[in-house]
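Overview (structure and organization)
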Amino acid sequence: MDIVQSVLCGKVNKNLVAQLNRLGGRAVGLCGMDGELFQAECLNEKYGLVGRIMEVNPDPVINALSTGYIPVVSTVAQGMDADTAYNINADTVAGEIAARLQAEKLIFLTDTDGIYEDYQDKNSLMSVISIEKINDMIASGAIEGGMIPKVQGCIKGIESGVHRTHILNGTIPHPLILEIFTDKGIGTMVHK
């Protein structure tokens, strides 16, 4: 029997778990500090309590999934110094969890259609892109800002055994169905 497993990461609205449960899901909220899911150190003092993940213990997520729950993970990590909590970028966390779980797919839902060859040209959406091309585009400045953690999460996942990674526009109706179950797709898929 196939089991669809989902892990949601990000800035957790306190009502998200309740909403998922009301819609028929079985969701449970996890914090990156629960069961030492994430341990981090300070990324750079100029950013304050923003951290870089140093260790991941996927057991809390695995336990939730194995009992039929959808884990909704807030991206706060326990400091390696044990007394500090650090905020971690949600895209980074998603890539780390997918890598540790050897997930089949890693899907980033965002407010853009995917990766554009030229962001100013909406006809230049790339349906498929390689890690090498992503690195070239980051170096040239064609990929910048908030897209960088997403593509780095895709790269982390692919290099760790995730089979497919996607960046999709989550503001349009049914983006997962359109990307995964249609021949053309709607977003960008990253591959080696």
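Residues numbered from 1 in each chain as written. Predicted model: local features only at pLDDT ≥ 70, side-chain atom pairs only at ≥ 80, totals over all residues. Heavy atoms only, no water.

1. Considerations on the layout of surface pockets
Reported here for the second largest pocket is a volume of approximately 300 Å³. Looking at the second largest pocket, it is lined by 15 residues, and the ones nearest its centre are Tyr-119, Ala-142, Ile-143, Glu-144 and Met-147. Where the lining of the second largest pocket is concerned, the elements lending two or more residues are β9 (115-116) and α5 (147-159). (1 Å grid on protein atoms, 1.4 Å probe; cavity = no way out; pocket = protein on both sides within 12 Å on 5 of 7 lines; lining within 4 Å. Points joined across faces, edges and corners; volume = space filled by probe spheres on them. Helix = DSSP H or I, 4+ residues; strand = E, 2+ residues; numbered from the N terminus.)

2. What about the pattern of salt bridges?
For the structure on display, the rule yields 4 salt bridges. Between Arg-52 and Glu-41 there is a salt bridge whose closest N-O contact spans 3.2 Å. Of this pair, Arg-52 sits in strand β4 (residues 51-56) while Glu-41 sits in strand β3 (residues 38-42), and the two are 11 residues apart along the sequence. (Salt bridge = Lys/Arg side-chain N within 4 Å of Asp/Glu carboxyl O.)

3. Observations regarding the sheet that holds strand β6 (residues 76-79)
Read across the open sheet, the 4 strands follow the order β4-β3-β6-β7; overall the sheet is mixed. Single-partner strands in this sheet number two, and they are β4 and β7 (85-87). Each strand of the sheet is rotated relative to its neighbour by a mean of 50°, with strand direction disregarded. Alignment of β3 against β6, held across 2 bridges, turns out to be parallel. Looking across to β6, one finds that Gln-39 is bridged to Gln-78. Contacts from helix α3 (residues 90-101) reach β3 and β4, with the element oriented near 15° to β4. (Pairing = 2+ DSSP bridges. Axes fitted to C-alpha atoms, helices over the stretch in contact; angles between N-to-C directions. Contact = heavy atoms within 4.5 Å.)

4. What about the packing of helix α4 (residues 131-140) against α5?
Look at α4 against α5: their axes get within 11 Å of each other, and the N-to-C directions meet at 150°. Judged on the interaxial angle alone, α5 and α4 are roughly antiparallel. With respect to the hand of their crossing, α4 and α5 are arranged in left-handed fashion. Residues Ile-131, Ile-134, Asn-135 and Ile-138 of α4 lie in contact with α5, whose contacting residues are Ile-148, Val-151, Ile-155, Ile-158 and Glu-159. Its residues placed into classes, the contact of α4 with α5 shows 7 nonpolar, 1 polar and 1 charged. (Parallel < 35°, antiparallel > 145°, perpendicular 65-115°, else oblique. Left-handed = near helix turned anticlockwise from the far one by under 90°. Nonpolar A, V, L, I, M, F, W, Y, C, P; charged D, E, K, R; others polar.)

5. Quick notes on the nonpolar core
Soluble globular proteins tend to bury their nonpolar side chains together. Judged by nonpolar contacts, the single largest core of 20 residues is most densely connected at Ile-115, Ile-129, Ile-134, Ile-143, Val-151 and Ile-167. When contributions to this core are tallied by element, the ones reaching two or more residues are α3, β8 (105-110), α4 and α5. Ranked by residues supplied to this core, first place goes to α5 with 5 residues. When sequence neighbours within four positions are dropped, the list of residues in contact with Ile-143 reads Ile-115, Ile-134, Met-137, Ile-138, Ile-148 and Val-151. (Core = buried A, V, L, I, M, F, W, Y, C linked by side-chain atoms within 4.5 Å. Buried < 20%, exposed > 50% of the residue type's maximum accessible area, 1.4 Å probe, protein only.)

6. Comments concerning the confidence of the model for the protein chain
Confidence along the protein chain averages 88 in pLDDT terms, with 92% of residues attaining 70 or more. Looking over the protein chain, one finds the lowest element-wise mean pLDDT in strand β1 (residues 8-10), namely 58, and the highest in α4, namely 96. (pLDDT = per-residue confidence, 0-100.)

7. Description of α5
Compared with the 18 Å implied by 1.5 Å per residue over 13 residues, the 18 Å span of α5 between its first and last C-alpha is a close match. Of the residues trailing α5, Gly-161 is marked for its positive phi of about 110°. (Expected span 1.5 Å × (residues − 1).)

8. Some words on the environment of Ile-186
Summarising the element assignment, Ile-186 is placed in the loop between α6 (175-180) and β13 (188-191). Overall, Ile-186 belongs to the partly exposed group, its relative accessible area being 22%. When the C-alpha positions of Ile-186 and Gly-141 are compared, they lie 24 Å apart, and in sequence the two are 45 residues distant. Beyond its immediate sequence surroundings of up to four residues, Ile-186 is in contact with Asp-113, Leu-125, Leu-168, Ile-172, Pro-175, Leu-178 and Glu-179.

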